[in-house]
Amino acid sequence: MIDALVLKKEADLFTVETQNGQTFSCVARKILKKNGVFVGDRVVLDDDNAICKIEKRKNVLIRPPLANLEKMFVVVAPVPKPDLYLIDKMLIFCKLNSIEPILCINKKDLDETVCDKLSQVYKQVCKVLVCSSFDESVMQIKKEIHGICTLAGQSAVGKSSIINAIVGDVVAKVDTFSKKIERGKQTTRTVQLFKFSENCYLADTAGFSKLDESLLNLEAEELKGFYPEFVELAPKCKYKSCVHVNDKDCAVLKSVKNGDISKSRYENYLKLLQTLKNLKRY
Ligand SMILES: Nc1nc2c(ncn2[C@@H]2O[C@H](COP(=O)(O)OP(=O)(O)O)[C@@H](O)[C@H]2O)c(=O)[nH]1
Ligand SMILES: [Mg+2]
Ligand SMILES: [Zn+2]
């Protein structure tokens, strides 16, 4: 019996890495077919080197298929126009799945003012990095890679550029790493974990660029708990059950009005709250 990590899946063939760093191809036992083996799974190999057991997962994403994610780099940039609703959904998604989100404000060379504003809003919410994939500042992202990590963010914010910049010369060694990323847009995506150093992996997916609200498996009333800046003020609301929607002595609303809480964060909260309520109706 050997413990291993699944680095890659192609049809019925898996590439695994054993604890001593050896990698090879193998198959999975039929009984595991039903729930599937995912890239990122920690598995046990039997005497014939076939995957016979999947260890308990920390989390699992379906599209792209990835298990045991530690961190998600949520990328945003001055151009294209930031989709703050998407960012807020992604941060909530991370929290729900025990993934640490890191907001990467990319393309700082284009507009530092916009980058600063974004940074001001989000540094109260999660870790924030400001960078450009064109210079050394992108290495801040590389330094944050621990465990299994991935990138997310709307199209054209620079996810592929970041991957290429931080994987750099190693790309050349790993055959068509960057080409695969491009190709992944249309065809079925083969996800692969790319190793940087001991227990530091980056999934080479093209990155998540959308997030359907139905993936946020929570009740509308629970949503407020996912906004740290609301949680901090909630004890000052008149009613304990306050969802920060009505004017009746709501400390959150007051802070939105006087500018202490970002208007976009609050407006997107209302939008998401309504969407979650509508989802539950069906
Ligand atoms: N000015 C500037 N442009 C960038 C930067 N990073 C990426 N880009 C450009 O943004 C465009 C989209 O980048 P890409 O990596 O394909 O984005 P993706 O869709 O998120 O993977 C390309 O034209 C890149 O050259 C950056 O730091 N500064
Ligand atoms: Mg891309
Ligand atoms: Zn309130």
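Residues numbered from 1 in each chain as written. Chains lettered and ligands numbered in written order. Predicted model: local features only at pLDDT ≥ 70, side-chain atom pairs only at ≥ 80, totals over all residues.

(A) Up close: the overall build of the chain. Across its full length, the chain holds nine helices and 13 strands. Relative to its length of 282 residues, the chain is compact, with a C-alpha radius of gyration of 21 Å against a globular reference of 19 Å. By principal-axis analysis of the C-alpha atoms, the chain measures approximately 65 × 45 × 30 Å. Restricting the contact set of the chain to residue pairs at least 6 apart, pairs at least 24 apart contribute 61%. (Helix = DSSP H or I, 4+ residues; strand = E, 2+ residues; numbered from the N terminus. Rg over C-alpha atoms; globule rule 2.2 N^0.38 Å. Contact = placed C-beta atoms within 7 Å.)

(B) Quick peek at the packing of helix H1 (residues 84–96) against helix H9 (residues 263–280). Between H1 and H9, the least distance of the axes is 10 Å, while the angle of their chain directions is 70°. With respect to each other, H1 and H9 are oriented roughly perpendicular. For the pair H1 and H9, the contacting residues are Leu84, Tyr85, Asp88 and Lys89 in the first and Ser264, Arg265, Asn268, Lys271 and Leu272 in the second. Along the lines of polarity and charge, the residues of the contact of H1 with H9 split into three nonpolar, two polar and four charged. (Axes fitted to C-alpha atoms, helices over the stretch in contact; angles between N-to-C directions. Parallel < 35°, antiparallel > 145°, perpendicular 65-115°, else oblique. Nonpolar A, V, L, I, M, F, W, Y, C, P; charged D, E, K, R; others polar.)

(C) Structural view of the environment of Ser133. Structurally, Ser133 is set in the loop between strand S10 (127–130) and helix H3 (139–143). Among the residues examined, Ser133 registers 24 C-beta atoms within 10 Å and is labelled buried. Once the C-alpha coordinates of Ser133 and Cys115 are considered, the two residues, 18 residues apart in sequence, prove to be 14 Å apart. The residues touching Ser133, leaving out its near neighbours within four places in the chain, are Asn106, Val138, Gly158, Ser161, Ile162 and Ala165. (Buried ≥ 20, exposed ≤ 12 C-beta atoms within 10 Å, placed from the backbone.)

(D) Up close: the site of ligand 1. Taken together, 14 residues lie near ligand 1, and Ser132, Gly158, Lys159, Ser160 and Ser161 sit nearest. Residue composition of the shell around ligand 1, grouped by class: four nonpolar, seven polar and three charged. (Near = placed C-beta within 6 Å.)

(E) View of the pairing of strand S13 (residues 200–203). Direction of pairing for strand S11 (residues 147–152) relative to S13: parallel, over a ladder of three bridges. Looking at the pairing, Ile148 lines up with Tyr201 of S13. (Pairing = 2+ DSSP bridges.)

(F) Structural view of the sheet that holds strand S5 (residues 51–54). Across the sheet, five strands lie side by side as S3-S2-S1-S4-S5; this open sheet has antiparallel pairing. What marks the edges here is a single partner per strand, and that holds for strand S3 (23–26) and S5. With strand direction ignored, the average angle separating the axes of adjacent strands in the sheet is 45°. Examined bridge by bridge, strand S2 (residues 13–18) and S3 share four bridges and lie antiparallel to one another. If you follow Thr15 over to S3, its bridge partner there is Ser25.

(G) The sheet that holds strand S12 (residues 193–197), seen in detail. Ordered by their spatial adjacency, six strands build an open sheet running S10-S9-S8-S11-S13-S12, and the pairing between neighbours is mixed. The sheet is open, and its two borders are formed by S10 and S12, each paired with just one other strand. Along the sheet, successive strands turn relative to each other by an average axial angle of 25°, direction set aside. Against the sheet, H1 engages strand S8 (69–76), strand S9 (100–105) and S11, with an angle of about 175° to S8.

(H) Layout of the domain arrangement of the chain. For the chain, the domain assignment lists domain 1 (2–54), domain 2 (60–203) and domain 3 (218–280). In this structure, domain 1 and domain 3 have C-alpha centres spaced 44 Å apart. (Domains from an automatic or database assignment.)

(I) Highlighting helix H4 (residues 159–167). Those residues of H4 lying buried are Lys159, Ile162, Ile163, Ala165 and Ile166. All buried residues of H4 lie within an arc of 165° about the axis, which places them on one face of the element. Of the residues one or two after H4, Gly168 is the one with positive phi, at around 45°. (Arc of directions from axis to C-beta.)

(J) Layout of the environment of Ala234. The topology assignment puts Ala234 in the loop between helix H7 (228–233) and helix H8 (251–257). Distance in space between the C-alpha atoms of Ala234 and Val252 is 7.0 Å, their sequence separation being 18 residues.

(K) Spotlight on H9. The terminal C-alpha atoms of H9 lie 26 Å apart, and with 18 residues this matches the ideal 26 Å at 1.5 Å per residue to within 8%. The set of residues buried in H9 consists of Arg265, Tyr269 and Leu272. When H9 is viewed along its axis, its buried side chains cluster within an angular range of 75° and face the same direction. Seen from the buried face of H9, the exposed residues on the opposite side, beyond 90 degrees, are Lys263, Gln274 and Asn278. Against the buried residues of H9 lie H1 and helix H2 (112–122). (Expected span 1.5 Å × (residues − 1).)

(L) Region of the structure containing the environment of Val231. Within the secondary structure layout, Val231 lies in helix H7. By C-beta crowding, Val231 is classed as exposed, having 12 other C-beta atoms within 10 Å.

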